[in-house]
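# Summary of the model geometry
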There are 2 protein chains.
Amino acid sequence: MKVAILYSGGKDSSLMAVILDRLGYDVELVTINFGKYDSTIPARTSAKNLGFKHKVIKLDQQILEDAVEMIIKDNFPNNGINYIHHTVLEILSDEYKVIADGTRREDRIPKLKFNEIQSLEDRKNIQYLNLTGIGYKTINDTSDQLFEIQKAESDINNSSDYEMEIRVMLEELGYDTNEIFPQHIQSRVIGWKKNE
Amino acid sequence: MKVAILYSGGKDSSLMAVILDRLGYDVELVTINFGKYDSTIPARTSAKNLGFKHKVIKLDQQILEDAVEMIIKDNFPNNGINYIHHTVLEILSDEYKVIADGTRREDRIPKLKFNEIQSLEDRKNIQYLNLTGIGYKTINDTSDQLFEIQKAESDINNSSDYEMEIRVMLEELGYDTNEIFPQHIQSRVIGWKKNE
């Protein structure tokens, strides 16, 4: 059975890919781009190095603009990022019957609430799954066993998160993105550990 | 890395076993028994047919008695079953560093809340994981691909759920267990699908 997994090149979405692949799913990694900045290279590289099929899906830049407007109004990124994620899942639900992402137990944003998942599944007649049953310690340990991981200060060229195109649009509008998105260490999966 | 998975012989805990095995964990299936009735045979049989290590851990019958007392007082099984599950996880946390169960997205009982998981992990310095990120449709589809499944009316001899010993104790005390536990169809994993 085919599954589309929203993919950033990070540990969480890579682990979801491995779980579903090893359960027998036909995994297709999907990275979203709004045509503002090509932030898809890290995800494409990680997917290729892991040997998974990967697809970039271009969506209407208006979605990004609406999110950026929310972020400016809030002076805080959470609602805007959550808006993008929900919108993306709604759109993917028209194309795929099974959709997954790498959101884990502690994630707050982006995240679908239980009732939002039920609604999405029922309205669109799809299945959605994520890593909410697993915490960061288990994900770190498991990823360390499976993957070669590169850690670096977050930067628009080492992640394919929604954050990257948001940063580019905010900077164009003259905002200081380091104030809105605090710097953090980004973990990127660069391939398999040798014994995998 | 070793993981203890609370195991009933059902689809959910079997799927958790397959996921963690295929991620490289050293899986040990664990079925709890309180010495009231040997309800462990279905779980032992399923574990053997899937080729996983399996262990029965006997715990103090007082835990079962306390749960049954709660169930009689409530005339409803939920609090009692939840009490057993929480108590079992507390005890297993002293023996294992990674503990899992097959509770899934829609499960309400037994289930650990987010803050209860955080507390358990922090106090006991362990990792706990479950299938909360996955809904019943996905679990059914995946299990149908992986396992030979036997469906039957629930009965004390076709499941190793906590419910079974609770029923035996309630019946001894003269209660009508079919009133407290409505009959339902029990799915039991009896082995691998031929192509697995």
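Report on the accompanying structure. (Residues numbered from 1 in each chain as written. Chains lettered and ligands numbered in written order. Predicted model: local features only at pLDDT ≥ 70, side-chain atom pairs only at ≥ 80, totals over all residues. Heavy atoms only, no water.)

### Re the relation of the copies chain A and chain B
Superposition of chain A onto chain B requires a rotation of 180 degrees combined with a translation of 0.0 Å along the rotation axis, giving an RMSD of 0.0 Å. Read as a symmetry element, the transformation amounts to a two-fold axis. Proximity to the rotation axis, assessed at the C-alpha, singles out Gly133 of chain A in chain A; its C-alpha lies 2.6 Å from the axis. Same-surface contact between copies: 100% of interface residues of chain A are shared with the interface of chain B. (Least-squares fit on C-alpha atoms with pLDDT ≥ 70 in both. Contact = heavy atoms within 4.5 Å.)

### Here's the deal with the packing of helix H1 (residues 11–22) of chain B against helix H6 (residues 136–146) of chain B
Residue and element names in this part refer to chain B. Packing of H1 against H6 leaves a shortest axis separation of 10 Å and a crossing angle of 70 degrees. Taken together, H1 and H6 sit at an angle that is classed as roughly perpendicular. The residues of H6 that touch H1, namely those facing Lys11, Asp12, Leu15, Val18 and Arg22, are Ile139, Asn140, Thr142, Ser143 and Leu146. Split by residue class, the contact of H1 with H6 holds four nonpolar, three polar and three charged. (Axes fitted to C-alpha atoms, helices over the stretch in contact; angles between N-to-C directions. Helix = DSSP H or I, 4+ residues; strand = E, 2+ residues; numbered from the N terminus. Parallel < 35°, antiparallel > 145°, perpendicular 65-115°, else oblique. Nonpolar A, V, L, I, M, F, W, Y, C, P; charged D, E, K, R; others polar.)

### Section: the interface of chain A and chain B
Counting from both sides, the interface comprises 28 residues of chain A and, opposite them, 28 residues of chain B. Counting the surface lost from both chain A and chain B, the interface buries some 2500 Å², and carbon and sulfur atoms represent 53% of this. Taken as a group, Leu23, Arg105 and Lys137 of chain A account for 25% of the area that chain A buries against chain B, more than any other trio of residues on that side. Put simply, chain A and chain B have two salt bridges between them. Linking chain A to chain B there are 13 residue pairs in polar contact (both at pLDDT 80 or more). Where the side of chain A that touches chain B is concerned, the elements lending two or more residues are helix H1 (11–22), helix H5 (114–124), strand S5 (127–131) and helix H6 (136–146) of chain A. (Buried area = accessible area lost by both parts, 1.4 Å probe. Salt bridge = Lys/Arg side-chain N within 4 Å of Asp/Glu carboxyl O. Polar contact = N/O pair within 3.5 Å; in protein donor to acceptor, adjacent residues only side chain to side chain.)

### Notes on the sheet that holds strand S2 (residues 26–33) of chain A
Residue and element names in this part refer to chain A. Within the open sheet, the five strands sit side by side as S3-S2-S1-S4-S5. Their pairing is parallel. Each end of this open sheet is capped by a strand with a single partner; those strands are strand S3 (53–58) and S5. The sheet shows a mean angle of 30 degrees between the axes of neighbouring strands, taken without regard to direction. Bridge count between strand S1 (residues 2–6) and strand S4 (residues 98–104): two bridges; the pairing is parallel. Bridge assignment links Ala4 to a residue of S4, and that residue is Ile99. Together, S1, S2, S4 and S5 form the strand contacts of H1, whose direction differs from that of S5 by roughly 120 degrees. (Pairing = 2+ DSSP bridges.)

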